[in-house]
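These are the residues of each chain, in order.
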Amino acid sequence: MATETVEHAVGACVGPSGSAIGMPQLCADWIPNQIFWLLVTLVVIFFVLSRIALPRIASVLAERSGTITNDIAAAEELKLKAQDAEAAYNQALADARSEAAKIVAEAKAEIQSELDAELAKADTQISAKTAESEAAIAEIRAGAVKSVTAVAKDTAGEIVAALGGKADAKTVTAAVTARMKG
């Protein structure tokens, strides 16, 4: 009877030598026992995950989410500061350009006024030199007219004498004067 109980308990899944026949997982006699241990294992895994692993994962995810949110807020703040800095830079650049244009305009005006003063001074010097030159030319002309008149008188007297006539100084002077006037 004892052998019958062992054979009956072992059933069709275990052979006479004590080794499994076929795949033990598929033995219909052992399926309730496998289901029991499967449920025990799943309950243990559920409690380990819910009490230890999942809270740690949740805290890491919350920490990462907070860090990401803080980093995004810091990036937005830095972006606003960068925009403010850029606006200040552009304003400073515009101010510097307007100041440079103002300085250039002042320098141009100063140079133009100095140039005008020098031109006026040069014009007065040129006018004075021109007046002196005209006076000298008028003097030379007057001297040239006197010289031409004297040469014309002498030449006319010599020509009349060479042609065999006698020229008196009054007649020669009257003839040269009449010819010089046109």
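Residues numbered from 1 in each chain as written. Predicted model: local features only at pLDDT ≥ 70, side-chain atom pairs only at ≥ 80, totals over all residues. Heavy atoms only, no water.

Helix and strand content of the chain: 3 helices and 0 strands. Written out in order from the N terminus, the α and β elements of the chain read α-α-α. Principal-axis analysis of the C-alpha atoms places the extent of the chain at approximately 205 × 40 × 20 Å. In the chain, buried positions account for 4% of the 182 residues. Counted over contacts in the chain with a minimum sequence separation of 6, partners at least 24 positions apart contribute 16%. Taken as a whole, the chain presents about 15,200 Å² of accessible surface, with 66% of it coming from carbon and sulfur. (Helix = DSSP H or I, 4+ residues; strand = E, 2+ residues; numbered from the N terminus. Buried < 20%, exposed > 50% of the residue type's maximum accessible area, 1.4 Å probe, protein only. Contact = heavy atoms within 4.5 Å. Areas by Shrake-Rupley, 256 points an atom, 1.4 Å probe, with all protein chains shown as cover.)

Moving on to the confidence of the model for the chain. This prediction gives the chain a mean pLDDT of 86; 93% of its residues lie at or above 70. Averaged pLDDT values for the elements of the chain fall to 50 in helix H1 (residues 2–10) and rise to 91 in helix H2 (residues 31–162). (pLDDT = per-residue confidence, 0-100.)

Going through the model one piece at a time under the given rule, you end up with 1 salt bridge. Here Lys81 and Glu77 are joined by a salt bridge, their closest N and O atoms 3.6 Å apart. Of this pair, Lys81 and Glu77 both sit in helix H2, separated by 4 residues, roughly a single helical turn. (Salt bridge = Lys/Arg side-chain N within 4 Å of Asp/Glu carboxyl O.)

Approximately 45° is the largest bend angle found in H2, and it occurs at Leu49. Gly164, located one to two residues past H2, shows a positive phi value of around 100°. (Bend = angle between axes of the 7 residues up to and from the residue.)

Our next topic: the packing of aromatic side chains. The description of an aromatic ring pair uses the distance of the two centres, along with the angle that the planes make with each other. Under the definition given, this model contains 2 aromatic pairs. On the numbers, 5.1 Å between centres and 75° between planes, the contact of Phe36 with Trp37 is edge-to-face. With a centroid separation of 5.6 Å and 65° between ring planes, the pair formed by Phe46 and Phe47 is classed as edge-to-face. Note on Phe46: relative accessible area 52%, which makes it exposed. (Phe/Tyr/Trp six-rings, centres within 6.5 Å; stacked < 30°, edge-to-face > 60°.)

So, about the packing of H2 against helix H3 (residues 169–181). At a minimum axis separation of 9 Å, H2 and H3 run at an interaxial angle of 130°. The angle between H2 and H3 falls in the class oblique. Like other packed secondary-structure pairs, H2 and H3 cross with a definite hand, here right-handed. Judged by residue contacts, Val145, Val148, Thr149, Ala152, Lys153, Ala156 and Gly157 of H2 engage Val172, Thr173, Val176 and Met180 from H3. By residue class, the composition of the contact of H2 with H3 is 7 nonpolar, 3 polar and 1 charged. (Axes fitted to C-alpha atoms, helices over the stretch in contact; angles between N-to-C directions. Parallel < 35°, antiparallel > 145°, perpendicular 65-115°, else oblique. Left-handed = near helix turned anticlockwise from the far one by under 90°. Nonpolar A, V, L, I, M, F, W, Y, C, P; charged D, E, K, R; others polar.)

A cluster of nonpolar side chains, Ile31, Ile35, Leu38, Leu39, Leu42, Ile45, Leu49, Leu54, Ile57 and Leu61, forms an exposed patch at the surface whose accessible area comes to about 900 Å². With respect to the helices, strands and loops of the structure, Leu49 is situated in helix H2. Owing to a relative accessible area of 40%, Leu49 belongs among the partly exposed residues under this scheme. (Patch = residues over 30% accessible without salt bridge, like charges linked within 9 Å, V, L, I, M, F, W, Y side chains within 5 Å.)

This part takes up H3. Taking 1.5 Å per residue as the helical rise, H3 with its 13 residues ought to reach 18 Å, and the 18 Å between its terminal C-alpha atoms agrees with that figure. At the N-terminal end of H3, a side-chain oxygen is found 2.9 Å from the backbone nitrogen of Lys170, two or three residues along, and the residue is Asp168. (Expected span 1.5 Å × (residues − 1). Polar contact = N/O pair within 3.5 Å; in protein donor to acceptor, adjacent residues only side chain to side chain.)

By the element assignment, Met23 lies in the loop between H1 and H2. Sequence separation between Met23 and Gly157 is 134 residues, and the spatial gap between their C-alpha atoms is 168 Å.

Before going further, it helps to examine the side chain of Thr149. With respect to the secondary-structure elements, Thr149 resides in helix H2. Look at Thr149 and you get buried, because its relative accessible area is 18%.

Together, Asp95, Glu99, Glu106, Glu110, Glu114 and Glu118 make up a region of like negative charge exposed at the surface. Within the secondary structure layout, Glu110 lies in helix H2. Owing to a relative accessible area of 48%, Glu110 belongs among the partly exposed residues under this scheme. (Lys, Arg positive; Asp, Glu negative; His and termini not counted. Charge placed at Lys NZ, Arg CZ, Asp CG, Glu CD.)

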